[in-house]
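Close look at the chain arrangement
Chain by chain, the residues:
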Amino acid sequence: MVERESREGTMDDVDAVTREVLTASRLLVAVSARSLSAVEDRVTLPQFRMLVVLSTRGATKLVALADLLRVAPSTAMRMVDRLIAAGLADRQVNPDNRRETLLRLTTEGRRTVEEVTARRRTEIAVIVERLSPEERRVLIDALAAFNEAGAEPSAPAADTEPSPLGWE
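A brief look at the structure comes next. (Residues numbered from 1 in each chain as written. Predicted model: local features only at pLDDT ≥ 70, side-chain atom pairs only at ≥ 80, totals over all residues. Heavy atoms only, no water.)

Let us now look at unusual backbone geometry. A positive phi angle, near 60°, is found at Arg70, a position not held by glycine. Inspection of the secondary structure assignment puts Arg70 in the loop between α3 (62–69) and α4 (73–85). Since its relative accessible area comes to 76%, Arg70 is described here as exposed. (Helix = DSSP H or I, 4+ residues; strand = E, 2+ residues; numbered from the N terminus. Buried < 20%, exposed > 50% of the residue type's maximum accessible area, 1.4 Å probe, protein only.)

Below, the structure is given as structure tokens:
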């Protein structure tokens, strides 16, 4: 078992933290799956992740999109083709370089991301409301550190105007 100093200077148990994060990830995958239930006939979880990336990055080249999703360009292309067929994404010529094609969300794709994200936010809020204020504070600090370590951008606050979803 590997141990290291935490920010407070006490020893933390990497295996115990890993176990709890795995358990939390099962819960979050279940929440994600339920939030996609209304659109599951058109969008898989990996395809939804692509929609979210497109919503946060705007028009994006295929290679960059594949890189952001950590998939092969051929896999990204198949996913894009399915999203285009479902009317959730489209291709456009890059106005700065007419030899390049950019991928972007359609209005329907943006609406889908917003609706699924709203359902997910509501279900997570119900879970978080069951925690005491102190547990919430500790969870905020722990998850912020975890997200930073994983280089995941923050989701928008509920009371802010998304742009397009508020991720930076």
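This paragraph deals with the pattern of salt bridges. The full count for this structure, using the stated rule, is 10 salt bridges. A salt bridge links Arg34 to Glu123; its shortest N-O distance comes to 2.2 Å. One end of the pair, Arg34, is in helix α1 (residues 14–35); the other, Glu123, is in helix α5 (residues 107–129), and 89 residues separate them in sequence. Residue classification places Arg34 among the partly exposed positions, given a relative accessible area of 41%. (Salt bridge = Lys/Arg side-chain N within 4 Å of Asp/Glu carboxyl O.)

Taking 1.5 Å per residue as the helical rise, helix α2 (residues 45–57) with its 13 residues ought to reach 18 Å, and the 18 Å between its terminal C-alpha atoms agrees with that figure. The complete set of buried residues in α2 reads Gln47, Phe48, Met50, Leu51, Val52, Val53, Leu54 and Ser55. Turning to α2, the residues buried within the fold contact β3 (60–61), α3, α4, β4 (89–94), β5 (97–105) and α5. With its phi angle positive at about 75°, Gly58 sits one or two positions after the end of α2. (Expected span 1.5 Å × (residues − 1). Contact = heavy atoms within 4.5 Å.)

So, about the packing of α1 against α5. Axis separation between α1 and α5 bottoms out at 8 Å; the angle between their running directions is 140°. The orientation of α1 with respect to α5, classified from their angle, is oblique. Where α1 crosses over α5, the handedness of that crossing is right-handed. Counting all contacts with α1, which are made through Leu27, Leu28, Val31, Ser32, Arg34 and Ser35, the residues of α5 involved are Val116, Arg119, Arg120, Glu123, Ile124 and Ile127. Looking at the contact of α1 with α5 residue by residue, the classes come out as 6 nonpolar, 2 polar and 4 charged. (Axes fitted to C-alpha atoms, helices over the stretch in contact; angles between N-to-C directions. Parallel < 35°, antiparallel > 145°, perpendicular 65-115°, else oblique. Left-handed = near helix turned anticlockwise from the far one by under 90°. Nonpolar A, V, L, I, M, F, W, Y, C, P; charged D, E, K, R; others polar.)

With that settled, consider the pairing of β5. Regular strands place their side chains on alternate faces of the sheet. Bridge count for β3 against β5 is 2 bridges, and the pairing is antiparallel. Considered in β5, the bridge of Thr60 is made with Leu103. The pairing of β4 with β5 spans 6 bridges and is classified as antiparallel. Bridging from a neighbouring strand, Gln92 pairs with Leu102 of β5. The antiparallel hairpin formed by β4 and β5 contains 2 residues in its connecting segment. (Pairing = 2+ DSSP bridges.)

Moving on to the sheet that holds β4. Within a sheet, each strand pairs with its neighbour through backbone hydrogen bonds, oriented either parallel or antiparallel. Overall, antiparallel pairing links the 3 strands, which are arranged β3-β5-β4 in an open sheet. Unpaired on one side and paired on the other, β3 and β4 mark the two borders of the sheet. Sitting on the sheet, α2 touches β3, β4 and β5, and the angle it makes with β5 is about 115°. Across the sheet, α4 is in contact with β4 and β5; its angle to β4 comes to roughly 110°.

Right, let's get into the nonpolar core. Counting 23 residues, the largest nonpolar core has Phe48, Met50, Leu51, Leu54 and Leu65 as its most contacted members. Elements with a minimum of two residues in this core: α2, α3, α4, β5 and α5. If one sorts the elements of this core by residue count, α2 sits on top with 6 residues. When residues no more than four places from it in sequence are discounted, the contact partners of Leu54 are Thr60, Leu65, Ala89, Leu103, Arg104 and Leu105. (Core = buried A, V, L, I, M, F, W, Y, C linked by side-chain atoms within 4.5 Å.)

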